[in-house]
Amino acid sequence: MWHALKSLAITFMAMAASSLARPLKDTPYTNPILGGWHSDPSCIYVADHDTTFCVTSTFIAFPGLPIYASKDLQNWKHVSNVFNRASQIPSLAETTDQQGGIYAPTLRYHEGKFYLIVSFLGPQVKGLVFSTDDPFRDDAWSEPLEFSVRGIDPDIFWDDDGTVYVTSADNNRIQSYSLDLETGATGPVSYLWNGTGGVYPEGPHLYRKDGYYYLMIAEGGTELGHRETMARSKHRTGPWEPHPANPLLSNKNTTEYFQTVGHADLFQDGHGNWWAVALSTRSGPEWLSYPMGRETVLVPATWEKGQWPVIRPVRGAMQGPLPRSDRGGLKGKGIEGGSFAGDPDKVDFVPGSSLPPHFLYWRFPKDDDDAFTVSPHGHHNSLRIKPSFHNITGDAGFQPSDGTSLILRRQTDTIFTYGVDISFSPRARDEEAGVTLFLTQHQHVDLGIVLLKTDEGKDSLSFRFRPTGRGNFEGPLSTEVVPVPGDWKGERIRLEIQAVSDSQYIFSAAPAGSQGKKKVIGEVDSLVVSGDTGRFTGTLVGAYATSNGGNGSTDAYFSKWRYKGQGQKIDHDVIVPSQD
């Protein structure tokens, strides 16, 4: 009996191994795999979990460093935030630069443990290493080990003898040095290969394969000349042999819709297939309108033994050897409320619930006065937002630690509708609550309910549509003020932001539950939230409350938070439906 069972088990194991070894057929898929602001991706396949994990940059947004997991390279579930508590990087509260903060992480797995290495560009530049043995829990991510990083974009690499090396970019040079993961001490610096002459050699990743060290870097800056190049050596410090077919990956000098392709990472999946992830903007070669900023794309690669890798060009419609679709394999995995990338929002702020983990603050939220409260007494199924003294932009006296009462989520679709119901009865002039299309504090478009002083000196409850900044837009911009109709006052009002195309946003208002009475208050071109102060970030949508520097303290209550993607533009004239 035992021999029969043993023989049966061996047969099943052989069948499983045969299934894994069988080549997968190319399956159609579309880019980006992580829509909206997901820049500087780094991914690894971990056999112990039979799962691929990815992370992207978050700059000064909090919580930061989202970890996405996938069983099939198609469905990506948000399973944790590495940076999830203020104690990990307290100086985020003092970071002034709108594009400072967390730059270009690298995610790796070594001997049963996950490591994430990153530069933090705040009041001081710091190197940070987070670690965990459970990537599905926020609280399992460690406080970071701090070390003296050289510049930006650090990569972490274990050599054959177990020595840990960091490779980073500083002063237009790729540098490598050892790192003690117990003490944070770093060793002597070696200068490696700096690329093919393109500006800003950065984003290095070091790989060990078939007796070679392979060094892949980005060149050209995150602009139209962005590209990936590679060199290899028999020794970690060189001499380096450049890839004869450099650049390894780029859409420069093309008319493709996906541009600025670069800052890539390579990984091998559980079936032995190689893939590259990279950032890209959906802008076309004009590179003017790209409100969602730098997004994560996936492309198939091949890497034969002893040879150079070959990566397919980035396109919107692609084919690759994908496993069978498998959302169910991650059921019950990850932080509570974690959703799949691209899923719609249907958030009702039910009593006892927390804010979804993909919601973002701009720096830390103020927690000393319960600025954000789910289902407060007397207002179940709503989010109470206490007004911040400063509005979203702030003024000359604004300090990052002052905070703003602002809660956001990424725009993840070319065409979408976002809306909330607002219950708000301001008592002091200039009190305001509303919705925003946000790129940075210097570049956003707001639709608020605000109490304003009229020319006659009276108070008027009004809708105010107000663009701040102009991005790549060159035409006139104006603030629109429309009185709230008398029969709408004292009632819940629904404010909406719609992207009706890849170039136009419409801001509207209606009595809650009466969409037939909807009024368009303002429109804006996507160029306004493209480039300029937010060229590294991407658009977010969300809700805010402020006294606009006045004496007001009236709370605003937001309910029925909805975000629904309707379409993804994947080529110049091609829009496909967003996933449900």
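Residues numbered from 1 in each chain as written. Predicted model: local features only at pLDDT ≥ 70, side-chain atom pairs only at ≥ 80, totals over all residues. Heavy atoms only, no water.

S.K.: What is the right way to look at the pairing of strand β35 (residues 504–511) in this model?
M.R.: Consecutive side chains along a regular strand alternate between the two faces of the sheet. Most of β35 sits inside the fold, with 7 of its 8 residues counted as buried. Pairing of strand β34 (residues 493–499) with β35, which is carried by 7 bridges, proceeds in the antiparallel orientation. Paired with Ala499 across the strands is Tyr505, a residue of β35. Hairpin connection between β34 and β35: a loop of 4 residues separates the two successive antiparallel strands. (Buried < 20%, exposed > 50% of the residue type's maximum accessible area, 1.4 Å probe, protein only. Helix = DSSP H or I, 4+ residues; strand = E, 2+ residues; numbered from the N terminus. Pairing = 2+ DSSP bridges.)

S.K.: What am I meant to see in unusual backbone geometry here?
M.R.: What is expected of a backbone is that most residues other than glycine have negative phi and most peptide bonds are trans. For the bond from Phe62 to Pro63, the omega torsion is -5°, close enough to zero to count as cis. Relative to the elements of secondary structure, Pro63 occurs in the loop between β4 (61–62) and β5 (64–70). The residue after Asn246, namely Pro247, is reached through a cis peptide bond having omega 0°. Of note, the phi angle at Asp153 is positive, near 60°, even though the residue is not glycine. Taking the relative accessible area as the measure of exposure, Asp153 reaches 4% and is therefore buried. In this model, Asp532 sits at a positive phi of 55°, which is unusual for a non-glycine residue. Note that Asp532 resides in the loop between β36 (519–525) and β37 (540–546).

S.K.: What should I look at first to understand the nonpolar core in this one?
M.R.: Core analysis: the largest hydrophobic core is formed by 87 residues, its most contacted members being Leu116, Tyr418 and Phe463. With residues near it in sequence (within four places) discarded, Leu116 still touches Val55, Leu65, Ile67, Val82, Pro105, Thr106, Leu107, Leu128, Val129, Phe130 and Trp141. Tyr29, Cys54, Phe258 and Val314 belong to the second-largest nonpolar core, a separate cluster that totals 37 residues. (Core = buried A, V, L, I, M, F, W, Y, C linked by side-chain atoms within 4.5 Å. Contact = heavy atoms within 4.5 Å.)

Taken by themselves, the reported measurements are silent on function.
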